[in-house]
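Next come the chains, spelled out residue by residue.
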Amino acid sequence: MSALQSNEQQALLQELYDQMEPEGLTPLWEVLHALVLNEPSSPAVVHKWSYANMREYLMRAGDLISAEQAERRVLILENPGLKGQSAIIPSLYAGLQLILPGEIAPCHRHTQCALRFVLEGNGAHTTVDGEKAVMRPFDLVLTPNMQWHDHGNPTDGPMIWLDGLDIPTVRLFDASFAERLPEKLHPETAPAGDTLNRYGANLRPLKGSKADRRPSHQPLFHYPFEKWRKSLTEMAAHSEIDPHLGHALEFINPSDGGPVMPTISAHVRLIPAGFETAPRRSTDGTVFVVVEGEGTALINGAEHQLSERDVFVVPSWNEVRLSASKDLMLFAMSDKATQQKLNLYKEYCA
């Protein structure tokens, strides 16, 4: 409460509060200022994770616990402002997963939407409903909610990727379900790359035909690096640069042109060497991965040096400027998809 209270009023109010408490009643006027904010004030903080450091810990974990024992051998990227919540921003989870040569992460499915952004290794696979997506560095692979998926590594090197899931969002709604297949691997239902051939070239099988084998709301689940990098660099060569974003392309769901997943948006950016973006704020918390190049993220006036495969997070409504000493290519995921559906998303460009 903002108005001054007499000692007698304070005592009477406290007596009222104590009597109400067993009934599950509390006074709004005591907490309204913290519930309806003038602008976003995220409990998450800006943070950067060095890939070299993360990789060292992850490989040590690989010596101590198998992928099968762990079900998923993952180090959670827990935001220092969200201790104990397994969250990188209040609505999203991120983790670094390792599959060693010959290992299988067994088949399961769950309510949570998930994406995988490959950081290291070549030739392991994520299988979605029985179709393998052969994974290469900086590929984006989706495992849509309640679709069976497993991971396997038949190569002779480790495979590491960033997991992004909407675990905190699903937790908010108390809507989590999960199932596990009795077998480690899902039976093969289509050859590797089949979905990309059918749905990944602005074409799709006619609806209702026997060839239309993927769910209509989420047909595509593999976005290869070689394709999206070519699109981004060719657009950059022939387009005026946006002063706040650099050159940017969003990954889309080909069924509706919207975000790749119902709760998670993903995009890529290219900041040319010598360029610095103008200040920008947005309500979506955003997780960035450095794909190529070097540069600096200036977030609320604090500098963060960026190297390949580093991960950094910009929580809601933090001001960010990006600059590149070498052409800087970034992958990003955020909760923009959810915010737009709820008519919450806003941005401000200075």
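Residues numbered from 1 in each chain as written. Predicted model: local features only at pLDDT ≥ 70, side-chain atom pairs only at ≥ 80, totals over all residues. Heavy atoms only, no water.

- As annotated in an unreviewed UniProt entry, the protein chain is Gentisate 1,2-dioxygenase from Sphingorhabdus lacus.

**Some thoughts on the sheet that holds strand β7 (residues 131–134)**
Part 1: Ordered by their spatial adjacency, five strands build an open sheet running β7-β6-β9-β4-β11, and the pairing between neighbours is antiparallel. The strands lining the two open edges of the sheet, one partner per strand, are β7 and β11 (178–180). Strand-to-strand twist in this sheet, taken as the mean axis angle between neighbours without regard to direction, amounts to 25°.
Part 2: Pairing analysis gives four bridges linking strand β6 (residues 125–128) to strand β9 (residues 149–152), with the strands arranged antiparallel. Residue Thr-127 lies in a different strand from β9, and its bridge partner there is Asp-150. (Pairing = 2+ DSSP bridges. Helix = DSSP H or I, 4+ residues; strand = E, 2+ residues; numbered from the N terminus. Axes fitted to C-alpha atoms, helices over the stretch in contact; angles between N-to-C directions.)

**What about unusual backbone geometry?**
Part 1: Phi is positive for Phe-138, close to 70°, though the residue is something other than glycine.
Part 2: Located in the positive-phi region is Asp-174, a residue other than glycine, with phi close to 50°.
Part 3: Among the residues examined, Asp-174 registers a relative accessible area of 72% and is labelled exposed. (Buried < 20%, exposed > 50% of the residue type's maximum accessible area, 1.4 Å probe, protein only.)

**Digging into the pattern of salt bridges**
Part 1: One pass over the structure, following the stated rule, counts 17 salt bridges.
Part 2: For Arg-321, the salt bridge goes to Glu-276, with nearest N and O atoms at 3.2 Å. Taken together, the positions of Arg-321 in strand β19 (residues 320–334) and Glu-276 in the loop between β14 (265–271) and β15 (280–282) put the pair 45 residues apart, joining distant regions of the chain.
Part 3: Residue classification places Arg-321 among the partly exposed positions, given a relative accessible area of 26%.
Part 4: Accessibility expressed as a relative area gives 42% for Glu-276, which makes it partly exposed.
Part 5: Between Glu-308 and Arg-309 there is a salt bridge, and its shortest N-O distance comes to 4.0 Å.
Part 6: What you see here is one network of salt bridges that share partners, running through Glu-131, Asp-194, Arg-198 and Arg-213. (Salt bridge = Lys/Arg side-chain N within 4 Å of Asp/Glu carboxyl O.)

**With respect to the packing of aromatic side chains**
Part 1: Applying the stated criterion to the full structure yields nine aromatic pairs.
Part 2: Between the aromatic rings of Phe-138 and Phe-225, the centroid separation amounts to 5.3 Å while the plane-to-plane angle is 65°, which identifies the pairing as edge-to-face. Pair noted here: Phe-138 is in the loop between β7 and β8 (140–143) and Phe-225 is in helix α7 (residues 225–238), with a separation of 87 residues, a long-range link. The pair formed by Phe-138 and Phe-225 is uniform in burial state, with each residue classed as buried.
Part 3: Relative to Phe-251, the ring of Tyr-223 has its centre 5.5 Å away and its plane inclined at 80°; by these criteria the two rings are edge-to-face. Linking Tyr-223 in strand β12 (residues 222–223) with Phe-251 in the loop between β13 (247–250) and β14, this pair joins segments that are 28 residues apart in sequence.
Part 4: Using a relative accessible area of 10% as the deciding quantity, one classes Tyr-223 as buried.
Part 5: Overall, the relative accessible area of 6% leaves Phe-251 in the buried class.
Part 6: An aromatic cluster of three or more residues is present, and its members are Phe-117, Phe-138, Tyr-223, Phe-225, Trp-228, Phe-251 and Phe-331. (Phe/Tyr/Trp six-rings, centres within 6.5 Å; stacked < 30°, edge-to-face > 60°.)

**Topic: the pairing of β9**
Part 1: Judged by which residues are buried, β9 turns out to be covered on both faces: His-149 and His-151 on one side and Asp-150 and Gly-152 on the other are all buried.
Part 2: When strand β4 (residues 104–110) meets β9, the two strands line up antiparallel, connected through three bridges. Residue pairing in the sheet places His-108 in a bridge with His-149 of β9.

**A closer look at a nonpolar patch on the surface**
Part 1: A contiguous nonpolar surface patch, about 450 Å² in accessible area, is contributed by Leu-28, Val-31, Leu-32, Leu-35 and Val-36.
Part 2: Structurally, the position occupied by Leu-28 is in the loop between α1 (7–20) and α2 (32–35). (Patch = residues over 30% accessible without salt bridge, like charges linked within 9 Å, V, L, I, M, F, W, Y side chains within 5 Å. Areas by Shrake-Rupley, 256 points an atom, 1.4 Å probe, with all protein chains shown as cover.)

**Quick look at the environment of Phe-225**
Part 1: On the basis of relative accessibility, which here comes to 16%, the residue Phe-225 falls in the buried class.
Part 2: Phe-225 sits 86 residues away from Asp-139 along the chain, and the two C-alpha atoms are 4.6 Å apart.

**Side note on the UniProt feature "domain: Cupin type-2" (unreviewed entry) in the protein chain**
Part 1: The feature "domain: Cupin type-2" (unreviewed entry), as given by UniProt, occupies residues 96–163 in the numbering adopted here.
Part 2: This span, residues 96–163, is 0% helix and 57% strand, and a straight line between its end C-alpha atoms measures 6 Å. (UniProt positions renumbered as here; feature names shortened; annotations may be inferred.)

**Concerning helix α3 (residues 51–64)**
Part 1: The terminal C-alpha atoms of α3, which comprises 14 residues, lie 20 Å apart, in line with the 20 Å expected from a rise of 1.5 Å per residue.
Part 2: Along α3, the residues that are buried comprise Tyr-51, Met-54, Leu-58, Ala-61 and Gly-62. One side of α3 holds all its buried residues, which, seen down the axis, span an arc of 105°. Across α3 from its buried face, at more than 90 degrees, point the exposed residues Ala-52, Tyr-57, Asp-63 and Leu-64.
Part 3: Next to the buried residues of α3 lie β1 (47–49), β2 (74–76), β3 (93–99), β5 (114–120), β10 (159–165) and β18 (311–314). (Expected span 1.5 Å × (residues − 1). Arc of directions from axis to C-beta. Contact = heavy atoms within 4.5 Å.)

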